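# Inside the fold
Take a look at the letters that make up each chain.
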Amino acid sequence: MSANILRTTVAEIVEKTPVFDIHTHLYDPAFGDMLLWGIDELLTYHYLVSEAFRWMDMPYEKFWAAPKQQQAEWIWNELFIKHSPVSEACRGVVTVLNKLGIAADRRDLPALRRWFAQWKPADYINRCCELANVRKIGMTNSPFDDAERPVWEKGFKRDPRFVAALRIDPLLMDWPNAAKRLHGWGYTVSADFSGQTFAEVRRFLGDWTKKIDAHYCMVSLPPEFAFPAKTDAAQIIEHAIMPHGREHNQAFALMIGVRRAVNPQLQLAGDSIGTADVTAVERLCAAFPGNKFLCTMLARENQHALCIAARKFRTLHVFGCWWFMNVPSIIEEITRMRLELIGLSCTPQHSDCRVLDQLTYKWAHSRPIIAKVLADKYEDLAVGGWHPTREEIQRDVQHLLGGAFEEFLARN
Ligand code: FIX
Ligand code: ZN
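Residues numbered from 1 in each chain as written. Chains lettered and ligands numbered in written order. Predicted model: local features only at pLDDT ≥ 70, side-chain atom pairs only at ≥ 80, totals over all residues. Heavy atoms only, no water.

The parallel open sheet is built from 7 strands, whose spatial order is 1-2-3-4-5-8-9. Because the sheet does not close on itself, it has two edges, and the strands there are strand 1 (19–21) and strand 9 (316–318). Each adjacent strand pair in this sheet contributes to an overall mean axis angle of 25 degrees, direction not counted. (Pairing = 2+ DSSP bridges. Helix = DSSP H or I, 4+ residues; strand = E, 2+ residues; numbered from the N terminus. Axes fitted to C-alpha atoms, helices over the stretch in contact; angles between N-to-C directions.)

Structural data, given as structure tokens:
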């Protein structure tokens, strides 16, 4: 294969390989309105809210009190009409429209709304999955979410494309209140961890794992996360989540580095970042060799050490370019570094979509970067006389787009 043919082959295979998007905030269609889609949701994505407020001088309260269509219109005017939409999140909206075959540069928001209004949700889900070439969508499912819990409790016929992940942030980050809620749901827990508390937390995790068929258990954590430590979080991890994980062969996903509500007036858009301590992850892996861990970190400064931790522990699977890392320049840098340090034993990207339509842009933007980095690596190998076959490239790409993750989850 010549260098040019190699590049086009890799690009084509990366385009055509269906992806398992391992972490999103999308919902099975049975959740109805909780599965967000359409132009107003795209424009009010929290990434765009924080960008729009850099230009808008209206009081935050006025923005939040307005109906969603009005909010979308303000954001559209600031980020698409008064300025060119060059940021990654703005470009995302343009890519979505382009993928859907809409002439975005007519700059006509009412016409866009009319176009979206023609769709039935079920058809639109199929269209987005097809355009993004996504085979499975990892959800984020919290028993502590009052809108979500009753849907699970009532039961529904699952859409096999949407797989569940058990999200437990309140359990680790706000134990006193979580304990009250567990108590209310019939689990005999005490805020001071006395009596049957850990066994009952395990029963709670086991019940929900079964109820939602959770592929993994997950939490997002602040940069201060430490292990071992005399914190509620560290104790619950040690005495409940780890034994639960071993019992169910369930991986524990740690998303580390978020500082919540740095500017609370921005609501969901007000979270920020901090450099975390990767030794906490290494110590967890060392203390619990019978458990599996998935990990992504928010700070660019942590990415290298996290890769080194993965070299030390085969029970650690690194994934995604999360949130503020999900911009082309940084995706390329991180993906290149990961391939150089841990080869194909990682999942370079997840979308973190909150709006269904975003699947199309997030994967359209990431796929060429993954292809470019992979082709560069094959080219380096060719210098040494090693030429991958088409089948080998297909195998490698399948690993990167969800296969390695599935193998990791299935491992005992
Ligand atoms: O904690 C998370 O799962 C984060 O991804 C979200 O909280 C965040 O708001 C987000 O949407 C990032 O992409
Ligand atoms: Zn997320």
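So, next bit.
For the bond from Phe-227 to Pro-228, the omega torsion is -5 degrees, close enough to zero to count as cis. By the secondary structure assignment, Pro-228 is in the loop between strand 4 (214–221) and helix 13 (232–248). Phi at Arg-107 takes a positive value of approximately 55 degrees, unusual for a residue other than glycine. Unusually for a residue other than glycine, Asn-133 sits at a positive phi of about 55 degrees. Turning to its location among the elements, Asn-133 is positioned in the loop between helix 8 (121–132) and strand 2 (134–138). Relative accessible area serves as the criterion here: at 21%, Asn-133 is assigned to the partly exposed category. (Buried < 20%, exposed > 50% of the residue type's maximum accessible area, 1.4 Å probe, protein only.)

Burial within strand 8 (residues 293–297) is extensive, with 5 of its 5 residues counted as buried. Relative to strand 8, strand 5 (residues 251–256) is paired through 5 bridges, and the arrangement is parallel. Counted as the bridge partner of Leu-254 is Cys-295 from strand 8. Relative to strand 9, strand 8 runs parallel, the two sharing 3 bridges. Each bridged residue has a counterpart across the sheet, and for Leu-294 the counterpart in strand 9 is His-317. Each parallel crossover has a hand, and the one from strand 8 via helix 15 (residues 303–312) to strand 9 is right-handed. (Right-handed = clockwise from strand over helix to strand, strands pointing away.)

With that settled, the discussion passes to the coordination of the zinc ion (ligand 2). Around the zinc ion (ligand 2), the protein contributes the donor atoms His-23 (NE2), His-25 (NE2) and Asp-352 (OD), at 2.0 to 2.2 Å from the metal centre. In terms of primary sequence, the donors binding the zinc ion (ligand 2) are separated according to H-x1-H-x326-D. Note that His-23 is positioned in the loop between strand 1 and helix 2 (39–43) and Asp-352 in the loop between helix 16 (328–342) and helix 17 (358–383), a separation of 329 residues in sequence. Exposure class is identical for His-23 and Asp-352. Each is buried. (Donors = N, O, S within 2.8 Å, 3.2 Å for Na, K, Ca; no water.)

The next thing to look at is the packing of helix 1 (residues 3–16) against helix 18 (residues 390–410). It is the contact of helix 1 with helix 18, at a shortest axis distance of 10 Å, that shows an interaxial angle of 45 degrees. Relative to helix 18, helix 1 is oriented oblique. Helix-helix and strand crossings are classified by hand; for helix 1 and helix 18 the assignment is right-handed. Mapping the contact onto sequence places Leu-6, Thr-9, Val-10, Glu-12, Ile-13 and Val-14 in helix 1 and Arg-390, Ile-393, Gln-394, Val-397 and Leu-401 in helix 18. Classifying every residue of the contact of helix 1 with helix 18 gives 7 nonpolar, 2 polar and 2 charged. (Parallel < 35°, antiparallel > 145°, perpendicular 65-115°, else oblique. Left-handed = near helix turned anticlockwise from the far one by under 90°. Contact = heavy atoms within 4.5 Å. Nonpolar A, V, L, I, M, F, W, Y, C, P; charged D, E, K, R; others polar.)

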